[in-house]
Amino acid sequence: MQGLARFITQHNKGLIGLFILMTALLAWFIQDFRIDASAETLLVKNNKLYIESQVINQRFSPQEFVLVAYQPKKRELFSTATFEVLDELSKKLGAIDRVESLTNILTVPLLSKVGSLDSKLDPDDWTWQKQRYEAQDMRKVFSHHPLYTDLLVNEKMDATAIQVVFKADKELTKITDQITDLQKKVLSDELTDEDQQKIDELRRQADPLEQKLGKKRQQEIAQIYQIIEPYQADANIYLGGAHVLGFQLIDIIQNDLVLFGSAIGLVICLLLFLIFRQLRWVFIPIICCAVSVVWTIGLFGLLDLRTTVISSNFVALQLILTLAIVIHLLVEYRQIAQDNPQDSQIDLVQKTFIHKLSPCFYAGLTTCVGFGSLLFSGIQPVVSFGWMMMVAMVISILVSLILFPAIVSLLARKDKSLGHKLSNKLIASLQSLSLKRSNGIFVVSAVVLVVSVLGLFKLNVENSFINYFASSTRVFKELSFIDQQFGGSTQLDVIYDIPPQQRKDGLVLSAQSIQSLQKVQFIMRQFEAMGNVTSVVNFTELAKIINDGKPLTEYELTVIYRLIDKSLTEKLLGSYFAPEHNQLRISSRIKDTTEGLNRAEFMQTLKSDIEGVSVVEHSFTLGNLFVLYQDILQRLFSSQILTMGIVYVALFVVLLGIFRSFKIAVIAIIPNILSTLVVLGTMGWFHIPLDLMTITIAAIAMGIAVDDTIHFVHRFTEEATTLSSSEAVKATYSTIGYALLYTSFIITLGFSLLSFSDFVPSVMFGLLTGLAMLVALLTDLTLLPALLGRFCQSKTGIEQVTDA
């Protein structure tokens, strides 16, 4: 260690030059760093549910679209003036390069005005654009329409929607179809190594196409916002769709990074100056933090590691981790300078490095173990977050332990008095409390533990993208309006495998098959959270209207199906009927804004009710995004329990290896367990659900807490070799205590600014991270020294412990 310390101080200018060069090089690759906020990044792509959904999407070919909801402010929806505006707006939207078609109340065929269905029917002849129907006729047609209500017109009849349908990328579709065809084997067998290699190769081919398409989508949505802007004065216009959500997520994450990143940086600078009262101790920590973040983001850009919604806070976490290391180095340097007034600046830097190398390395190692537990979740975005944080932690250690001493060794020694009256009093009070009131601390800790465990039983798993945004934001208003007025947000499909007894020669569909669908749709519509529900049944209801109120027989339905042009049947029924596979699809959407919606209970009840009317067991299958999100949430909840157990065991083993004492390892793990349980218990008591954003908070809390613990215990064991346990605790407080206090104070105040964000996950991250910091501070400055003082009572005992 001495040799390394001398190397850093002797070659400080060269090392700083190397850091500048590396920072400039990696900064270049920041432009390649990607934020991928699409819904697909949150899904588990190697499980059967996902593959089944991909097969269904391939089979029924649902189109990619953006929904533009239009609600006039003053005029009637069904009026000539509104129709003209809608027509004009539609033409502008249709001019976007990739738009394939537009579906709205002006372009859809009004088949209820057709006298009869026959083979010569051209649906385009029965649109408003061709016939220019009167406004009142249009109102009458769309009132309680079996197909278009909740899809193109809301029930109140005061808002309509334009469905902007985009062309699929043929090359990308071909590749994804090949991937799906290979993955189908998982449903009945296992993939061979050759199959997996083909899939990996196809994914490599698809990746640049997906990136290009993702950029195109972002541009298209921005273009749509520009197109609708002039119409906002006369109407409320809202955008909806999965890709609109992704656009909004990226936009708000990027804005938060700039706005709150700057605000947090300024607050941290101010607090560093108020605490350490020297500009050098402001600039050096900020330089170390900035270099760490630039290296990490640049490396991720170089390696094409993309952040998702789950890992979007990694920059803030790295700032916390880097700042914590630098403050420990800074406080140690100032303490050594005060104790050794005769030493030169080089001597002080070398002693600081030697004293802090081991605890900083150990703290980094245990923090990596905490985040490494996420690798066992089995959920790709969570696994990626674990890898990203471990890489970030390694970079933070490397930068802090080399760049800090290199810069400081170039500066002249400048002594300042240590501490403030307030911090001195607080440290003295905590020290006295831990040594003289240890029994009280144990009792309070036990009560907190019990309360926290009880809170764990109140934890629930929920996820609503709409609730990710503050109610005052534009995106919340857009998503909630479309969710409430246009049949829900999250897609849920019910696939019906027509049983052999319902298949009749010569018939396209039997009456029994239609009746089975009718029963299921009736059940689905009984749920308050159920939005739009569409299937072949809706078309039979429309046919009934056309047929003077008389339902078609199964034979009439077959004749019409075969008489009508194939392109028309594909256009009308292709998304709901796959005759070659004997499957029918009920397409529905769930209203995410439904108050008190328990998604797991909803799913279970719906499955049970549908099975109750099934002719053949398991003939109905639920799929699409709603099912996939529920699956990942349940996996996240299970993985949370698994990873907590793994991380506790792994940390104990690491602590045992570091301190070579079973007793010290047990004592050190207790505050960390308590910290994570307090954070999770608080979430339970305050009804904060575990969702895609908060699921990683336990690993974050552990990563923060264990860092403080390592520094405290490491210094305690050093002091205990020459001092009694109580004196060793006092000596540890006088150095490490201040570092913990300053770090927690700066980070908690800085990140509390996130509570002003419009992005609810950022608010939760700021508040829960602040809570984790405060709990870690309290446990490490009260419970931990109390345990060390009580169970390692004599100097001899400590020597035996550390030498064990």
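In what follows, the structure referred to is the one given above.
A. Spotlight on the overall build of the protein. Helix and strand counts for the protein stand at 28 helices and nine strands. Dimensions of the protein, computed from the C-alpha atoms along their principal axes, are close to 105 × 55 × 50 Å. Taking all 804 residues of the protein together, the buried fraction comes to 56%. Counting contacts in the protein only where the partners sit at least 6 residues apart, residues at least 24 apart contribute 80% of the total.

B. Geometry of the pairing of strand 4 (residues 235–240). Extensive coverage of strand 4 is indicated by the burial of five of its six residues. In the sheet, strand 1 (residues 65–72) pairs with strand 4 via six bridges, with the strands oriented antiparallel. Within strand 4, the position partnered with V68 by the bridge is L239.

C. Representation of unusual backbone geometry within the structure. Even without glycine at this site, D150 takes up a positive phi of about 75°. By secondary structure assignment, the location of D150 is in the loop between helix 6 (135–142) and strand 3 (160–166). Positioned with a positive phi, D304 is a non-glycine residue whose angle comes to about 60°. Among the structural elements, D304 can be located in the loop between helix 11 (280–303) and helix 12 (314–339).

D. Highlighting the nonpolar core. In this structure, F276, F314, F404 and F469 are the most contacted members of the largest nonpolar core, which totals 157 residues. Discounting residues that sit within four places of it in the chain, F276 has contacts with W281, I327, L330, V331, R334 and Y742. The next biggest cluster of nonpolar side chains, apart from the first, holds 77 residues, and it includes M524, Y576, L597 and L622.

E. Quick look at the pattern of salt bridges. Here the structure, examined in full by the defined rule, presents 20 salt bridges. Residue R132 is joined to E84 by a salt bridge in which the shortest nitrogen-to-oxygen separation is 3.7 Å. One end of the pair, R132, is in the loop between helix 5 (128–131) and helix 6; the other, E84, is in helix 4 (residues 80–94), with 48 residues separating them in the sequence. As a salt-bridge pair, K730 and E727 come within 3.6 Å of each other at their nearest N and O atoms. With K730 and E727 both in helix 26 (residues 725–751) and three residues apart, this pair spans about one turn of that helix.

F. Summary view of a nonpolar patch on the surface. On the surface, a nonpolar cluster with roughly 840 Å² of combined accessible area is contributed by V443, V447, V450, V451, L454, F457, W685 and F686. Among the elements that line the nonpolar patch, the one with the most residues is helix 16 (residues 438–456), at five residues. Within the fold, W685 resides in helix 24 (residues 662–685). Since its relative accessible area comes to 38%, W685 is described here as partly exposed.

G. Summary view of the packing of helix 11 against helix 12. Taken N-terminus to C-terminus, the directions of helix 11 and helix 12 make an angle of 145°; their axes are 9 Å apart at the nearest point. Read as a crossing pair, helix 11 and helix 12 show a hand that is right-handed. On helix 12, the residues touching W281, P285, C288, C289, S292, V293, T296, I297 and F300 of helix 11 are F314, V315, Q318, L319, T322, L323, V326, L330, Y333 and R334. Of the residues that constitute the contact of helix 11 with helix 12, the class distribution is 14 nonpolar, four polar and one charged.

H. Broad picture of the layout of surface pockets. When its volume is computed, the second largest pocket comes out at roughly 690 Å³. Of all the elements in the fold, those that place two or more residues in the lining of the second largest pocket are helix 10 (242–276), helix 11 and helix 12. It is helix 10 that provides the largest number of residues to the lining of the second largest pocket, a total of ten residues. When grouped by side-chain class, the residues that make up the lining of the second largest pocket number 22 nonpolar, seven polar and one charged.

I. Spotlight on the packing of aromatic side chains. All told, the structure shown has 25 aromatic pairs when counted by the stated rule. Taken together, a centroid distance of 5.6 Å and an interplanar angle of 80° make the contact between F602 and F626 edge-to-face. On the criterion of sequence distance, the pair formed by F602 in helix 22 (residues 599–613) and F626 in helix 23 (residues 625–659) is long-range, its members being 24 residues apart. For the pair F602 and F626, a shared accessibility class is recorded, and that class is buried. In this structure an aromatic cluster arises from ring pairing among F78, F83, W128, F142 and Y148. Over the face of the ring belonging to W281 we find R280, whose NZ or CZ atom lies 5.9 Å from the ring centre.

About the cut-offs
- Residues numbered from 1 in each chain as written.
- Predicted model: local features only at pLDDT ≥ 70, side-chain atom pairs only at ≥ 80, totals over all residues.
- Heavy atoms only, no water.
- Helix = DSSP H or I, 4+ residues; strand = E, 2+ residues; numbered from the N terminus.
- Buried < 20%, exposed > 50% of the residue type's maximum accessible area, 1.4 Å probe, protein only.
- Contact = heavy atoms within 4.5 Å.
- Pairing = 2+ DSSP bridges.
- Core = buried A, V, L, I, M, F, W, Y, C linked by side-chain atoms within 4.5 Å.
- Salt bridge = Lys/Arg side-chain N within 4 Å of Asp/Glu carboxyl O.
- Patch = residues over 30% accessible without salt bridge, like charges linked within 9 Å, V, L, I, M, F, W, Y side chains within 5 Å.
- Areas by Shrake-Rupley, 256 points an atom, 1.4 Å probe, with all protein chains shown as cover.
- Axes fitted to C-alpha atoms, helices over the stretch in contact; angles between N-to-C directions.
- Left-handed = near helix turned anticlockwise from the far one by under 90°.
- Nonpolar A, V, L, I, M, F, W, Y, C, P; charged D, E, K, R; others polar.
- 1 Å grid on protein atoms, 1.4 Å probe; cavity = no way out; pocket = protein on both sides within 12 Å on 5 of 7 lines; lining within 4 Å.
- Points joined across faces, edges and corners; volume = space filled by probe spheres on them.
- Phe/Tyr/Trp six-rings, centres within 6.5 Å; stacked < 30°, edge-to-face > 60°.
- Lys NZ or Arg CZ within 6 Å of the ring centre and 35° of its normal.

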